Amino acid sequence: MLKEKNAAGLRGDYSKAGPDYAVEQDWAGYTAQEHALYRRLFERQSRLVPRYACPEWIAAISHLDAAREIPSFESISKKLKKATGWEIVAVPGLIPDDAFFTHLASRRFPVTVWLRKPEEFDYIVEPDVFHDFFGHVPLLFDRVYADHLYEYGKGGLKAMRLDAVKFLARLYWFTIEFGLMKTPAGIRAYGAGLMSSGGELAYSVEDPRPRRLPFELEGIMRTEYLIDRYQDSYFVIDSFEHLMRETAPDFTPIYARLKEK
Ligand code: PHE
Ligand code: CO
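Not measured: the values here are computed from a predicted model.

Asks: Even after reading the chapter, I still don't get the overall build of the chain, so can you show me in this structure?
Replies: On a plain count of helices and strands, the chain comes out with twelve helices and six strands. Taken along its principal axes, the extent of the C-alpha atoms in the chain is 50 × 40 × 35 Å. The buried share of the chain, reckoned over its 261 residues, is 53%. When contacts within the chain are restricted to residue pairs at least 6 apart in sequence, those whose partners lie at least 24 apart make up 66%. Summed over its atoms, the accessible surface of the chain is roughly 12,400 Å², and 54% of this surface lies on carbon and sulfur atoms. With 35 positive and 38 negative side-chain charges, the chain shows a spacing of 2 Å between the two charge centroids.

Following this line, the structure appears as structure tokens:
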């Protein structure tokens, strides 16, 4: 597998990607070492899950049977399709906004095919198959979350037309990637960047340093984020229904206000 950086500064091999950036997963091409590394990552995160993950995430992981080796996207897609109408599409890595939003708006979740190197066990800059799969795919089995992400995809295409992707991307960052949820047992994580992180998962839930603010749409859209260290602020939803409700209004006037500042 190509692991050198390409012209865009990304690691994936984009040479075989179609216009929608889809590629073959080439499951048979993974090495035994890669499957073993994936298994070690899965085991480490699984030990943290009972304490730090939201109940929906914990319920969903049981559908997956993905602990032993890098899963075949095709077999997971079959189950997912039955559960919520979603499927996984293999991609070489990060893809352009329009391709990304179009996939989400078609209930297809793009998952990177390559796995990090052993020396990146604790930290990786670009999303790999472990982050994309372990972090994002389980919650696609939750009906409300799955419907919300579909609406987000459509909202993304609209934000492109309104030149407001920057604001909508902050919403994604502070919910889908780094979101926390209030549960009867206390604050728990649902964001994929937290679920796939060895250190930030516990930090986000119980370290005294970061702020844990109630979800507030415009506040989130005004908050810049850093991609290379733990967050200073997390936003807490009450439930996925709450997230769905708060993001249902037309964002057009909100984008207009945000651009005035
Ligand atoms: N309501 C948003 C809009 O009008 C679309 C959206 C829904 C965005 C859900 C994110 C999540 O643009
Ligand atoms: Co992600």
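Asks: Got a minute to help me understand helix α7 (residues 165-177) in this structure?
Replies: Because each turn of an α-helix spans 3.6 residues, side chains separated by three or four positions in sequence point in the same direction. In terms of residue burial, α7 counts as a mostly covered element, since eleven of its 13 residues are buried. Turning to α7, its buried residues number three or more, namely Val165, Phe167, Leu168, Arg170, Leu171, Tyr172, Trp173, Phe174, Thr175, Ile176 and Glu177.

Asks: Would you mind going over the coordination of the cobalt ion (ligand 2) with me for this structure?
Replies: For a metal with four donors in a tetrahedral arrangement, the ideal angle between donors is 109.5 degrees, while six donors in an octahedron ideally sit at 90 or 180 degrees. Every protein donor of the cobalt ion (ligand 2) is listed here as His131 (NE2), His136 (NE2), Glu177 (OE) and Glu177 (OE), and their distances to the metal cover 2.0 to 2.8 Å. Classification of the site at the cobalt ion (ligand 2) rests on its four donor atoms, whose angles at the metal span 52 to 138°, yielding the label irregular. Read from N- to C-terminus, the donor residues coordinating the cobalt ion (ligand 2) fall into the pattern H-x4-H-x40-E. Taken as a pair, histidine 131 in helix α5 (residues 129-136) and glutamate 177 in helix α7 lie far apart in primary sequence, 46 residues in all. Relative accessible area serves as the criterion here: at 11%, histidine 131 is assigned to the buried category. Of the residues examined, glutamate 177 reaches a relative accessible area of 12% and is grouped as buried.

Asks: Looking at this model, I keep getting lost on the nonpolar core. Mind explaining?
Replies: With 80 residues, the main nonpolar core has Trp57, Phe133, Leu149, Tyr190, Met221 and Phe240 as its most contacted residues. Here the element with the most residues in this core is α7; it accounts for eight residues. Contact partners of phenylalanine 133, with chain neighbours within four places excluded, come to Tyr38, Leu64, Ala66, Pro71, Phe73, Ile76, Ile88, Val111 and Pro138.

Asks: Explain the pairing of strand β6 (residues 233-237) here, please?
Replies: Look at any regular strand and the pattern is simple: side chains alternate between the two faces of the sheet. β6 sits mainly inside the fold: five of its five residues count as buried. Residue alternation in β6 divides its side chains into two sets, Ser233, Phe235 and Ile237 and Tyr234 and Val236, and both sets are buried. Bridge count between strand β3 (residues 180-183) and β6: two bridges; the pairing is parallel. Note that in β6 the partner of leucine 180 across the bridge is valine 236. As paired strands, strand β5 (residues 211-214) and β6 are joined by four bridges and run parallel to one another.

Asks: I tried to follow the packing of aromatic side chains on my own but got confused; where do I start?
Replies: For any pair of aromatic rings, the description consists of the separation of the ring centres together with the inter-plane angle of the planes. Overall, the coordinates contain 19 aromatic pairs when judged by the stated rule. Plain terms: the ring middles of phenylalanine 100 and phenylalanine 101 are 5.9 Å apart, the flat faces sit at 55° to each other, and that makes the pair tilted. Here phenylalanine 100 matches phenylalanine 101 in class, with each residue buried. Each residue in the set Tyr38, Phe42, Trp57, Phe130 and Phe134 is aromatic and connected to the rest through ring pairs, giving one cluster. Here the guanidinium or amino end of arginine 40 rests over the ring plane of phenylalanine 121, the centre of that ring lying 4.6 Å away. The ring of tyrosine 150 has arginine 107 lying over it, and the distance from NZ or CZ to the ring centre is 4.5 Å.

Asks: Would you explain the pattern of salt bridges in this entry?
Replies: As a working rule, side chains carrying opposite charge can pair if their charged atoms are close by. Applying the stated criterion across every chain, the model contains 15 salt bridges. Among the ionic pairs, lysine 158 bridges to aspartate 250, the shortest N-O distance being 2.7 Å. Placement of lysine 158 in helix α6 (residues 143-161) and of aspartate 250 in the loop between α11 (240-247) and α12 (252-260) is noted, with a sequence separation of 92 residues between them. A residue is classified by how much of its surface remains accessible, and lysine 158, at 27% relative accessible area, is partly exposed. A salt bridge links arginine 257 to glutamate 218; the nearest nitrogen and oxygen atoms lie 2.5 Å apart. Residue arginine 257 is found in helix α12, and its partner glutamate 218 is found in helix α10 (residues 217-221); the two are separated by 39 residues along the sequence. Judged by relative accessible area, which is 36%, arginine 257 ranks as partly exposed. In the salt-bridge network here, residues are joined through shared partners; they are Glu218, Arg222 and Arg257.

Conventions used here
All residue numbers here refer to positions counted from 1 along the written sequence of the relevant chain. By the order in which they are written, chains take letters starting at A while ligands take numbers starting at 1. At least 70 in pLDDT is required for a residue's local features to be given in this predicted model, at least 80 for side-chain atom pairs to be given and counted, and no such filter applies to totals for whole chains, interfaces and linings, which use all residues. Calculation of side-chain values draws on the structure's entire complement of heavy atoms; hydrogens and water are dropped beforehand. Each helix is a run of DSSP H or I of at least 4 residues and each strand a run of E of at least 2, with the numbering of both proceeding from the N terminus. Each residue gets one of three labels from its accessible area relative to the maximum for its type: buried under 20%, exposed over 50%, partly exposed in between, using a 1.4 Å probe on protein chains only. Two residues form a contact once any of their heavy atoms are found within 4.5 Å. What sets the accessible areas is the Shrake-Rupley method with a 1.4 Å probe; for residues, cover comes only from the shown protein chains. Here the positive residues are Lys and Arg and the negative ones are Asp and Glu; neither His nor the chain ends is included. To locate a charge, take NZ of a lysine, CZ of an arginine, CG of an aspartate or CD of a glutamate. The rule for donors is simple: an N, O or S atom within 2.8 Å of the metal counts, and for Na, K and Ca the reach is 3.2 Å. Water is not among the atoms, so a site may look short of donors. Irregular is the default label, applied whenever a site is not tetrahedral (four donors, all angles between 85 and 135 degrees) and neither square planar nor octahedral (four or six donors, opposite donors over 155 degrees apart, all other angles between 65 and 115). Put simply, a nonpolar core is a bunch of buried Ala, Val, Leu, Ile, Met, Phe, Trp, Tyr and Cys residues held in one set by side-chain atoms that sit within 4.5 Å of each other. Strands qualify as paired when DSSP identifies two bridges or more between them. When the centres of two rings from Phe, Tyr and Trp lie within 6.5 Å, Trp using its six-membered ring, the rings pair. Their planes under 30 degrees apart give stacked, over 60 give edge-to-face, and anything left gives tilted. Counting as a charge over the ring demands two things of the Lys NZ or Arg CZ atom: a distance within 6 Å of the ring centre and an angle within 35 degrees of the ring normal. Put simply, a salt bridge is a Lys or Arg side-chain nitrogen that is within 4 Å of an Asp or Glu carboxyl oxygen.

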